[in-house]
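Listed here are the chains, written in short residue letters.
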Amino acid sequence: MTDRIPLARPLVGEREEQAVLETLRSGHLSLGPRLEEFETALGARLGARHVSAVSSGTAGLHLAIRAAGVQPGDEVVTTPFSFVASANCLLYEGARPVFCDIDPRTLNIDPVAAESAIGERTTGLLPVHIFGYPADMPALERIAAERSLWMVEDACEALGSVHADGAPVGARGNLSVFGFYPNKQLTTGEGGAVIAPDREVKERIDSERNQGRAPDMGWLDHDRLGFNYRLDDLSCALGVAQLERLDEMLAERARLAGLYSEALADVEELVLPCPDAGGARRSWFVYVVQLPPGVDRDAAVLALRARGVDSKPYLPAIHLYSFYRERYGHREGEFPICEDVARRSLALPFFPGLTDSEVERVVEAVRAVATEGVTAYR
Ligand SMILES: Cc1ncc(COP(=O)(O)O)c(C=O)c1O
């Protein structure tokens, strides 16, 4: 029996171990010096001055939409092709996600569809840089400016991505959110960060992540509603150590994506992740293919598993989750591009540390499944 190849595995080594251990021994495990160190280092990396580290990407999205001014009853235009948290965060505040279809090449929100989805109650736009490919922010920012809408960018999957104009994703001056779950380009275990446009917004976020305390307040002083969305110092220490080798990890992810794309290029009807275009640069988060239309995806997952290869349908369309259907009456056929992609997409093992021979094994298995069908492996 050959070893199973997992979908994702974080790359952590001696440097991370040392950083976490030092922090553990320091006795300062939360609201200590590592928090600011991580925020400063991340800000330096992005060219952004106002960074708030938080306990998860979801927590960051929640605080970001509050800082943007979302109110109960507001509608916010966003993409249905995302991880569920980008829509759920709106529900936390009593706002309604209004979905629109996606661009079939980039899989990001289609600005033309986004504009058509704007209604009288729309107050904001929430684009997601899905799979690390930069969303068309210039077009979305134009729409937001013309319609006086706020903007929050979900950059949870896009640390290291770059827009066509050279700006790092998340550093265009909009409220933006990163996520550092262990499958991400950089991990802090659980964790996330909000990039704020100015000092006042950062102060609000810092206070709300810390139970509504201003920096000069004591433990039982609270002058606004807050949450416990703090990122502890052990996680921040891990983040600082990971940032030191972010470029190396991103380069390895890009190299592995290149290997997959080259080896799978000739598999007919298999849709590969779009290459960079027009100067935009993807930071590789996952390697997701779209299976040929005739292939039964569930059977493909089993067939790949039988060959020791983990894979996962990724991502389901948010509007078709049962609680979104029940709450808002969504149904199949509303966003045909998203639904087609969601039906066919499959994430393959992808992480720095995946060996070239493992990539070859995955490629061989995917090729067999995509070209021969999957009945033989059932
Ligand atoms: C697009 C997107 N948004 C939001 C999140 C939520 O981040 P977290 O899991 O850190 O809460 C994730 C991560 O899983 C994500 O991929």
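The structure under discussion appears in the preceding block.
K.L.:
Looking at this model, I keep getting lost on the sheet that holds strand β8 (residues 287-290). Mind explaining?
P.N.:
The strands making up a sheet associate through backbone hydrogen bonding, with each pair oriented either parallel or antiparallel. With antiparallel pairing, 3 strands are arranged side by side in an open sheet as β8-β10-β9. Edge strands, defined here as strands with exactly one partner in the open sheet, are β8 and β9 (312-313). Bridge count between β9 and strand β10 (residues 345-348): 2 bridges; the pairing is antiparallel. Among the inter-strand pairings, K312 is bridged to a residue of β10, identified as A347. Contacting β8 and β10, helix α12 (residues 336-344) runs over the sheet at an angle of about 45 degrees to β10.

K.L.:
Teacher, can you tell me more about the packing of helix α2 (residues 33-46) against helix α8 (residues 233-244) here?
P.N.:
The packing of two helices is summarised by the inter-axis angle and the distance between the axes. The N-to-C vectors of α2 and α8 enclose an angle of 30 degrees; their axes lie 8 Å apart at closest approach. Between α2 and α8, the angle falls in the class roughly parallel. The two elements α2 and α8 meet at a crossing, and its hand is left-handed. In contact with P33, R34, L35, E37, F38, A41, L42 and R45 of α2, α8 contributes D233, C236, A237, G239, V240 and L243. Classifying every residue of the contact of α2 with α8 gives 9 nonpolar, 1 polar and 4 charged.

K.L.:
Hey, could you run me through the site of the ligand in this one?
P.N.:
By nearness alone, 13 residues border the ligand, and G57, T58, D154, E157 and K184 come closest of all. Here G57 contributes a backbone N or O atom positioned 2.8 Å from an oxygen atom of the ligand. Interatomic distance of 2.6 Å between a side-chain N/O atom of E157 and an oxygen atom of the ligand. In the complex, the protein chains occlude 92% of the 380 Å² of accessible area that the ligand would expose alone. Of the residues belonging to the shell around the ligand, the class tally is 5 nonpolar, 5 polar and 3 charged.

K.L.:
In this structure, what is going on with the layout of surface pockets? I would like to understand it.
P.N.:
Gaps left between atoms are located by rolling a probe of water-molecule size over the structure's atoms. Its volume calculated, the largest pocket comes out at about 650 Å³. Around the largest pocket sit 31 residues that line it, and F83, Y181, N183, K184 and Y314 are the ones nearest its centre. In terms of residue class, the lining of the largest pocket is built from 18 nonpolar, 8 polar and 5 charged.

K.L.:
Any chance you could explain the environment of L140 here in plain terms?
P.N.:
Its location among the elements puts L140 in helix α6 (residues 137-147). For L140, a relative accessible area of 2% gives the class buried. Taking C-alpha positions, L140 is 13 Å from G173, a pair spaced 33 residues apart along the chain. Leaving out residues up to four positions away in the same chain, L140 has contacts with I109, P111, A114, L125, P127, A135 and M151.

K.L.:
Please clarify how unusual backbone geometry should be interpreted in this entry.
P.N.:
For residues other than glycine, phi is negative in most cases, and the peptide bonds are mostly trans. Note the cis peptide between Y314 and L315, where omega equals 10 degrees. Tracing the backbone shows L315 in the loop between β9 and α11 (322-328). At L31, a position not held by glycine, the phi torsion is positive, near 55 degrees. By secondary structure assignment, the location of L31 is in the loop between α1 (14-26) and α2. Residue class for L31 comes out partly exposed when judged on its relative accessible area of 37%. At Q211, a position not held by glycine, the phi torsion is positive, near 65 degrees.

K.L.:
Just checking my understanding: could you explain the packing of aromatic side chains for this structure?
P.N.:
One pair of aromatic rings is described through two measures. These are the centre distance and the angle between the planes. Using the criterion set out here, one finds 11 aromatic pairs in the structure. Note on Y324 and Y328: the rings are 6.1 Å apart at their centroids and 40 degrees apart in plane angle, and the pair reads as tilted. Within this pair, Y324 and its partner Y328 are both found in helix α11, separated by 4 residues, close to a single helical turn. Relative accessible area serves as the criterion here: at 18%, Y328 is assigned to the buried category. Site record: aromatic cluster; members linked through ring pairs are F99, F323, Y324 and Y328. In this arrangement the basic side chain of R282 is found over the ring face of W284, its NZ or CZ atom lying 4.5 Å from the centre.

K.L.:
Just to check I follow, could you spell out the nonpolar core for this structure?
P.N.:
Within soluble globular proteins, side chains that are nonpolar generally end up buried alongside one another. Formed by 50 residues in total, the largest nonpolar core has its most connected members in F81, F131 and V152. Among the elements of the structure, α3 (57-68), α4 (85-92), β5 (150-154), β6 (175-179), α7 (199-209), α11 and α12 are those that each provide at least two residues to this core. Per-element tally for this core: the top contributor is α3, with 6 residues. For F131, the contacting residues outside a window of four places in its chain are F81, L107, E157, R282, S283, F285, V286, V288, Y314 and L315.

K.L.:
Where do I start with the environment of N174 in this structure?
P.N.:
With respect to the helices, strands and loops of the structure, N174 is situated in the loop between β5 and β6. With 23 residues separating them in the primary sequence, N174 and M151 have C-alpha atoms 6.3 Å apart. Non-local contacts of N174, meaning those with residues more than four positions away in its chain, are made with M137, E141, M151, E153 and I195. Among the polar contacts listed, one links the side chain of N174 to the side chain of E153, at a separation of 2.7 Å.

K.L.:
Is there a simple way to explain the pattern of salt bridges in this structure?
P.N.:
When the charged atoms of two side chains with opposite charge come close together, those side chains can pair. Scanning the entire structure with this criterion turns up 22 salt bridges. Ionic pairing is found between E93 and R66, a salt bridge with its closest N-O pair at 3.2 Å. In this pair, E93 is assigned in the loop between α4 and β3 (96-99) and R66 in helix α3, connecting sequence segments 27 residues apart. The pair E93 / R66 is uniform in exposure class, with both members buried. Via salt bridges that share partners, E39, K202, D206 and R209 belong to a single interconnected network.

Cut-offs used in this document
- Residues numbered from 1 in each chain as written.
- Predicted model: local features only at pLDDT ≥ 70, side-chain atom pairs only at ≥ 80, totals over all residues.
- Heavy atoms only, no water.
- Pairing = 2+ DSSP bridges.
- Helix = DSSP H or I, 4+ residues; strand = E, 2+ residues; numbered from the N terminus.
- Contact = heavy atoms within 4.5 Å.
- Axes fitted to C-alpha atoms, helices over the stretch in contact; angles between N-to-C directions.
- Parallel < 35°, antiparallel > 145°, perpendicular 65-115°, else oblique.
- Left-handed = near helix turned anticlockwise from the far one by under 90°.
- Nonpolar A, V, L, I, M, F, W, Y, C, P; charged D, E, K, R; others polar.
- Near = heavy atom within 4 Å.
- Polar contact = N/O pair within 3.5 Å; in protein donor to acceptor, adjacent residues only side chain to side chain.
- Areas by Shrake-Rupley, 256 points an atom, 1.4 Å probe, with all protein chains shown as cover.
- 1 Å grid on protein atoms, 1.4 Å probe; cavity = no way out; pocket = protein on both sides within 12 Å on 5 of 7 lines; lining within 4 Å.
- Points joined across faces, edges and corners; volume = space filled by probe spheres on them.
- Buried < 20%, exposed > 50% of the residue type's maximum accessible area, 1.4 Å probe, protein only.
- Phe/Tyr/Trp six-rings, centres within 6.5 Å; stacked < 30°, edge-to-face > 60°.
- Lys NZ or Arg CZ within 6 Å of the ring centre and 35° of its normal.
- Core = buried A, V, L, I, M, F, W, Y, C linked by side-chain atoms within 4.5 Å.
- Salt bridge = Lys/Arg side-chain N within 4 Å of Asp/Glu carboxyl O.

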